[in-house]
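Chain by chain, the residues run as shown.
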Amino acid sequence: MTMDFNALLHEKAELINHTLEQFLASQQINSDLKEALRYTLGTPGKRVRSALVLWCCELLSGQINHNAEIAAAAIEMVHTYSLVHDDLPAMDDDDLRRGLPTCHKAFDEATAILAGDALLTLAFEILAKEVDEPAIAVKLITQLAQDAGAAGMIGGQMADLRAQNGKGNIELLEYIHTNKTAKMFRCAAVMGAICGGAHKEQIDSLSEYGLKIGLGFQIADDILDVSASSEQLGKTAGKDAKTAKCTYPAVVGIEKARELEKKLADEALAILEPFGKKADTLRQLAVALLQRTK
Ligand code: GRG
């Protein structure tokens, strides 16, 4: 019997939470900073990107290994930093994240900036120190730096900020969503594949799979922003329209956005074909993203 997808995700989230808690506990850092890090890493995120690292490693090697656990923790730290900084008044200016006050509301702005900075740097520190083979560590660090950096998530965020209050088009949308969101999913899939000992063809396939589901994930996020409540999402709903953001529902309409989301999931499933039954969890993930409610 196939396990329910939410149960599979929950199982992985517990492991990731444990790795994050252990790592943080082992750090000799300023206690105020540590409190903010514990708060923000401890808020109940879905852990989708980090679970994807673990699933891709399992797909290739049949099991999770130490390096995959470290890579999962690293991507979760970078993702969490991006949320902390995105919520700041200078960016999206939000009070609610994961159903709780955002980091700058629970603490203050300066602490939230520093907590984000610390999460970003700790992610690279954990990869450099804890991955058990230098050649693998360098590959993981390179992938994360590229996908989270100027030609990835940060570049996408810049374009997203500039696009506000302006007219969007489909090319701009694809650029923003691919860079801001999909590359982190690609990064997760590739890091998991590297940890699992994948060869180049397998890495390329999982890279494409990550981009497809990442873009689908962001379209689902845009749709939820206009169709779900703040209570359901654990963050402020309806903000995209308020700030005239360049989103799929705004540019192509909700129906077309749903069609595109479905097309991306189908393309992701097609990419998984050569992996056979072993890729069933990644198939469940591609489909679950279409049905997500938060
Ligand atoms: C500040 C450098 C910098 C980048 C910010 C991630 C991001 C870029 C902005 C956050 C706002 C947003 C809508 C980003 C798109 C990606 C996305 C949908 C993030 C939320 O991811 P979830 O739903 O969050 O996986 P949880 O809380 O479950 O971890």
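So, here is what we can say about the structure in this document. (Residues numbered from 1 in each chain as written. Predicted model: local features only at pLDDT ≥ 70, side-chain atom pairs only at ≥ 80, totals over all residues. Heavy atoms only, no water.)

This part takes up the side chain of Arg-49. Along the chain, Arg-49 falls in helix α3 (residues 48–61). Here Arg-49 occupies a buried position and makes no salt bridge, while the nearest side chain of opposite charge, Glu-76, is found at 5.9 Å. Once you skip the residues sitting within four places of it in the chain, Arg-49 turns out to touch Ile-75, His-79, Met-184, Phe-185, Ala-188 and Phe-217. (Helix = DSSP H or I, 4+ residues; strand = E, 2+ residues; numbered from the N terminus. Buried < 20%, exposed > 50% of the residue type's maximum accessible area, 1.4 Å probe, protein only. Lys, Arg positive; Asp, Glu negative; His and termini not counted. Salt bridge = Lys/Arg side-chain N within 4 Å of Asp/Glu carboxyl O. Contact = heavy atoms within 4.5 Å.)

With that settled, consider the site of the ligand. If you check the shell around the ligand, you find 19 residues, and the closest are Lys-46, Arg-49, His-79, Arg-98 and Gln-218. Within the side chain of Lys-46, one N or O atom sits 2.5 Å away from an oxygen atom of the ligand. With respect to the ligand, the side chain of Arg-49 contributes an N or O atom lying 2.7 Å from an oxygen atom. Counting only elements with at least two residues in the shell around the ligand, the list comes to α4 (66–86), α8 (153–163), α9 (170–195) and α10 (200–227). Examining the composition of the shell around the ligand, we find that six residues originate from one element, α4, more than from any other. Class assignment for the residues of the shell around the ligand results in six nonpolar, seven polar and six charged. (Near = heavy atom within 4 Å. Polar contact = N/O pair within 3.5 Å; in protein donor to acceptor, adjacent residues only side chain to side chain. Nonpolar A, V, L, I, M, F, W, Y, C, P; charged D, E, K, R; others polar.)

Moving on, we come to the nonpolar core. Membership of the largest hydrophobic core comes to 73 residues, with the highest contact counts inside it found for Leu-52, Met-77, Leu-144, Leu-206 and Tyr-209. At 11 residues, the largest contribution of residues to this core is made by α4. Not counting residues up to four positions away in its chain, the partners in contact with Leu-144 are Ala-74, Ile-75, Val-78, Ala-123, Phe-124, Leu-127, Gly-149, Cys-187 and Met-191. Core analysis: the second largest hydrophobic core is formed by 13 residues, Ala-163, Ala-182, Ile-223 and Cys-246 among them. (Core = buried A, V, L, I, M, F, W, Y, C linked by side-chain atoms within 4.5 Å.)

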